[in-house]
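Structural overview for review
Spelled out from the first residue to the last, the chains are:
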Amino acid sequence: MRSVILSTATRTLIPIILVLSIFIFWRGHNEPGGGFIGGLLAATAFALMAKAEGTDRARYALYFRPRSIAATGMTCALFGGIWGGLQYGAFLKGMWPFITIDESGEKHGLPFGSIMLFDFGVYLVVLGTVTGILFALEDSLAEDAAGAEDGPNETGADGEGDRRWR
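Before going into details, it helps to say that this report is about the structure given with it. (Residues numbered from 1 in each chain as written. Predicted model: local features only at pLDDT ≥ 70, side-chain atom pairs only at ≥ 80, totals over all residues. Heavy atoms only, no water.)

Considerations on the overall build of the protein chain
A tally of regular secondary structure across the protein chain gives five helices and two strands. Walking the protein chain from its N terminus toward its C terminus, one meets helices and strands in the order α-α-α-α-β-β-α. Within the protein chain, the proportion of its 166 residues that are buried is 31%. Sequence separation of at least 24 residues holds for 61% of the intrachain contacts in the protein chain that already meet a minimum separation of 6. Total accessible area on the protein chain is roughly 11,000 Å²; 64% of this is exposed by carbon and sulfur atoms. (Helix = DSSP H or I, 4+ residues; strand = E, 2+ residues; numbered from the N terminus. Buried < 20%, exposed > 50% of the residue type's maximum accessible area, 1.4 Å probe, protein only. Contact = heavy atoms within 4.5 Å. Areas by Shrake-Rupley, 256 points an atom, 1.4 Å probe, with all protein chains shown as cover.)

Below is the structure:
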C-alpha cells in the first residue's frame with residue numbers, strides 16, 4: 001500500500017537527510033560524527049525511499065549494489081590503515097600529505113589524508129551493509145506476501161504453516 005503523504009514527504013526529506021549525512025561525515029573527521037553515523041543517515045534515506053516508493057526504486061536510486069558499496073568501503077578503509085603502515089610502520093597512523101607546517105607552527109593546506117580515507121571507507125561499509133540488509137528484508141516480506149496471496153497449500157489452510165519458525 002502506497003501512501004501519498006509518505007511519498008511526498010520522502011521527496012523532500014531524502015535530499016535533506018543525504019546532505020546532513022555528508023555534513024556529519026565531514027564534521028566527524030575532527031569532531032563527533034564521522035563515517036559510521038554519516039553512513040547510517042544515508043542508509044536511512046534509502047530505507048525511507050524503499051518504504052515510500054518500493055525497494056526497486058530505492059535500488060535504482062542507490063545505483064550500485066549494496067555489496068559492491070560495502071566492498072569498496074572496506075578497500076578504502078584498509079588502504080587508509082595500510083597507508084600509515086607503509087610510511088611509518090604503524091597501521092592506522094595518520095598521514096596528511098597535503099598539509100604543511102610553516103616556521104611559526106601554523107598548519108596550511110587541505111586536511112585530507114589517511115584518516116579521511118578510513119572514515120570514507122567506514123561510511124561506505126555502513127551504507128552498503130545496512131541497505132543490503134534492509135533490501136533483503138523487504139524482498140523477504142514481499143515474497144511472504146506473494147506466497148500468502150496464492151491461497152491454501154500443503155502447509156495449512158491459511159498458507160501460514162510453520163512460517164514463524166523459519
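Now that the structure has been shown, we can carry on.
Some points on the environment of Thr8
Mapping Thr8 onto the fold places it in helix α1 (residues 4–27). With 44 residues separating them along the chain, Thr8 and Ala52 place their C-alpha atoms 8.7 Å apart.

Some words on the packing of aromatic side chains
Counted under the stated rule, the structure contains five aromatic pairs. Seen from their ring centres, Tyr63 and Phe64 are 5.0 Å apart, and the 90 degrees between their planes marks the pair as edge-to-face. Since its relative accessible area comes to 66%, Tyr63 is described here as exposed. Three or more aromatic residues joined by ring pairs form one cluster here, namely Phe25, Trp26, Phe120 and Tyr123. (Phe/Tyr/Trp six-rings, centres within 6.5 Å; stacked < 30°, edge-to-face > 60°.)

Quick look at the pattern of salt bridges
In this structure the tally under the stated criterion is two salt bridges. A salt bridge links Arg59 to Asp139; its shortest N-O distance comes to 2.3 Å. Taken together, the residues span a long stretch of sequence, with Arg59 in helix α3 (residues 55–62) and Asp139 in helix α5 (residues 114–149) at a distance of 80 residues. Note on Arg59: relative accessible area 33%, which makes it partly exposed. (Salt bridge = Lys/Arg side-chain N within 4 Å of Asp/Glu carboxyl O.)

A word on the environment of Phe64
Secondary-structure assignment places Phe64 in the loop between α3 and α4 (66–88). Counting along the chain gives 64 residues from Phe64 to Gly128, while the straight-line C-alpha distance between them is 9.1 Å.

Section: the packing of α1 against helix α2 (residues 35–53)
Their axes nearest at 8 Å, the elements α1 and α2 cross at an angle of 170 degrees. Put simply, α1 runs roughly antiparallel to α2. Packed against α1, whose contacting residues are Leu6, Ser7, Thr10, Arg11, Leu13, Ile14, Ile17, Leu18, Leu20, Ser21, Ile24 and Phe25, the element α2 presents Gly35, Ile37, Gly38, Leu41, Ala42, Ala45, Phe46, Leu48, Met49, Lys51, Ala52 and Glu53 at the interface. Among the residues making up the contact of α1 with α2, the classes are represented as 16 nonpolar, five polar and three charged. (Axes fitted to C-alpha atoms, helices over the stretch in contact; angles between N-to-C directions. Parallel < 35°, antiparallel > 145°, perpendicular 65-115°, else oblique. Nonpolar A, V, L, I, M, F, W, Y, C, P; charged D, E, K, R; others polar.)

Thoughts on a nonpolar patch on the surface
There is a patch of nonpolar side chains on the surface, built from Met74, Leu78, Ile82, Leu86, Phe91 and Leu92 and spanning about 620 Å² of accessible area. Tracing the backbone through its elements, the reader meets Phe91 in the loop between α4 and β1 (99–101). Judged by relative accessible area, which is 54%, Phe91 ranks as exposed. (Patch = residues over 30% accessible without salt bridge, like charges linked within 9 Å, V, L, I, M, F, W, Y side chains within 5 Å.)

Any functional reading would require information that these geometric values do not contain.
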